[in-house]
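Here's the letter readout for the chains.
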Amino acid sequence: MTDAQDTAADPPLRTTGGGPPDDVEPAPIPLLEPREGIPPVVADRDALAAVVAAFAGGRGPVAVDAERASGYRYGQRAYLVQLRREGAGSALIDPVGCPDLSSLGEAIGDAEWVLHAATQDLPCLREIGMTPARLFDTELAGRLAGFARVGLGAMVENVLGYALEKGHSAVDWSTRPLPEPWLRYAALDVELLIDLRNALEKELDRQGKLEWARQEFDAIAAAPPAPPRKDPWRRTSGMHKVRRRRQMAVVRELWTARDQIAQKRDVSPGKVLGDGAIIEAALNMPANAHALAALPGFGPRMSRRQLEQWQAAVDRARAVPESELPQPGQPLTGPPPPRAWADKDPVAAARLSAARAAVSALAERLTMPQENVITPDTVRRVCWEPPRDLSPEAVAAALAGHGARPWQVEQVTPVLVRALREASA
């Protein structure tokens, strides 16, 4: 049994100094102002050079965060970057005024970057020239340590005993100038990030999971950019209602037209045309703009010109040759959906059921989410095409071949071997 399994039943820490008395739950202390005040927004070359010099001369890890304008602007670009480092203080940088932050990325490139939910921010940071060599993800650390709530506010409160104001998380960060309350909120997001990192490192070490976390962080830092999604129009909300190939072509044409308009106008696609409207048009296949106007989402406030451009997309879908119509579903690159296993391969279905139960029990013992113990996709792939030899060595090799980290292979292999053997007996 590992140290992690020995300590899994222990309650998670409340503060860096240890848990509170059993009969007292101290109220979190509101964190209202950054300790050095709100830093000025850096929006020109000279101010950026000063920040680069300050952070290059700082010490220890660098807290990094980014704010996007999801739901307001096209894409996921950063509209504000926040940093904090001992010896340098905090900085707020406007990527609109300073679109190339590669000099800053290089200045702190050797330091450990501390981010919360790193995979959300790394793509937009990469776009402006900032890529960490190593990192510490406080959200992922919280998951591995067994915290039930891993949002930044909840983590800061539960671990450090401070309350962050989170009222501006979904505002339009492309607004210029940015209001002072928003800047205060942004600066506070990195104010305690390094303190949180240090406390979580201690907790992970106490549970025997620190090396596990390091392997996860290294995997995130080394991961290449995600490739473009294939057929992104298939993710239109309500797509499950669309059954016929001609209707799918309508969704594809409307989605593509909407995306082009949204990109040109730099607005969120949902502000151009809602997913619900696209699905309604696909299901009803309107013959003309007048019929289209009667459908939900194309109401009376839509101009004649707009209606005609959407109807043109519907007409293009009508004209697509039968041979070029989209196929139902997406091409499978792995096992079929689990709901189909019982019919296609009952033995594989039994393996999957046993493996899921085994992983669930292991996750409970380790006090962490199942998907962090091992990804469901990895479990499905191994169960669909297991090694002929169900030895620990063969199963371990199969897990590693699907991208499992060494700590995951070590923990999952014994329970998976047992489950596969029992299901195959």
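What you see is a predicted model; the values in this text were computed from it and never measured.

(A) Fine view of the overall build of the protein chain. Helix and strand counts for the protein chain come out as 20 helices and eight strands. Taken over the C-alpha atoms alone, the protein chain extends approximately 70 × 70 × 45 Å along its principal axes. Residue burial in the protein chain is summarised as follows: out of 425 residues, 47% are buried. Counted over contacts in the protein chain with a minimum sequence separation of 6, partners at least 24 positions apart contribute 68%. Total accessible area computed for the protein chain in this model is approximately 21,000 Å², and 51% of it derives from carbon and sulfur atoms. Looking at the protein chain, you have 51 positive and 55 negative side-chain charges, and the mean spots of the two groups are 9 Å apart.

(B) Expanded view of the side chain of H116. If you trace the backbone, H116 turns up in the loop between β6 (112-115) and α4 (118-127). A polar side-chain atom of H116 sits 2.7 Å from a polar atom in the side chain of T138. A distance of 3.1 Å separates a polar side-chain atom of H116 from the backbone nitrogen of L152. Setting aside anything within four residues of it in sequence, one finds H116 in contact with D121, D137, T138, E139, V150, G151, L152, M155 and L193.

(C) Structural view of helix α6 (residues 152-160). Among the nine residues of α6, seven are classified as buried, and the element is accordingly described as predominantly covered. Regarding α6, the residues found buried are L152, G153, A154, M155, V156, V159 and L160. If you follow the buried residues of α6, they end up packed against α5 (138-145), β8 (162-163), α7 (180-191) and α8 (193-207).

(D) Layout of the pattern of salt bridges. Counting across every chain of the model gives 21 salt bridges. In this structure, the salt-bridge partner of R84 is E191, at a minimum N-O distance of 3.9 Å. In this pair, R84 is assigned in strand β4 (residues 78-86) and E191 in helix α7, connecting sequence segments 107 residues apart. When its relative accessible area of 3% is taken as the criterion, E191 is described as buried.

(E) Highlighting the pairing of strand β5 (residues 89-93). With five of its five residues buried, β5 lies for the most part within the structure. As paired strands, strand β2 (residues 41-42) and β5 are joined by two bridges and run parallel to one another. The partner of V41 across the bridge, within β5, is L92. Across five bridges, the pairing between β4 and β5 is antiparallel. Along β5, the bridge assignment pairs V81 with I93. In textbook terms, the turn of a hairpin is the stretch between consecutive antiparallel strands, and for β4 and β5 this stretch comprises two residues, one of which, G87, has a positive phi near 90°.

(F) Structural view of the layout of surface pockets. In this model, the largest pocket occupies a volume close to 580 Å³. What lines the largest pocket is a set of 13 residues, and nearest its centre among them are P123, P224, P225, A226 and P227. Among the elements of the structure, α4 and α9 (210-222) are those that each provide at least two residues to the lining of the largest pocket. Taken together, the residues that form the lining of the largest pocket break down as ten nonpolar, one polar and two charged.

Rules and cut-offs
Residues numbered from 1 in each chain as written. Predicted model: local features only at pLDDT ≥ 70, side-chain atom pairs only at ≥ 80, totals over all residues. Heavy atoms only, no water. Helix = DSSP H or I, 4+ residues; strand = E, 2+ residues; numbered from the N terminus. Buried < 20%, exposed > 50% of the residue type's maximum accessible area, 1.4 Å probe, protein only. Contact = heavy atoms within 4.5 Å. Areas by Shrake-Rupley, 256 points an atom, 1.4 Å probe, with all protein chains shown as cover. Lys, Arg positive; Asp, Glu negative; His and termini not counted. Charge placed at Lys NZ, Arg CZ, Asp CG, Glu CD. Polar contact = N/O pair within 3.5 Å; in protein donor to acceptor, adjacent residues only side chain to side chain. Salt bridge = Lys/Arg side-chain N within 4 Å of Asp/Glu carboxyl O. Pairing = 2+ DSSP bridges. 1 Å grid on protein atoms, 1.4 Å probe; cavity = no way out; pocket = protein on both sides within 12 Å on 5 of 7 lines; lining within 4 Å. Points joined across faces, edges and corners; volume = space filled by probe spheres on them. Nonpolar A, V, L, I, M, F, W, Y, C, P; charged D, E, K, R; others polar.

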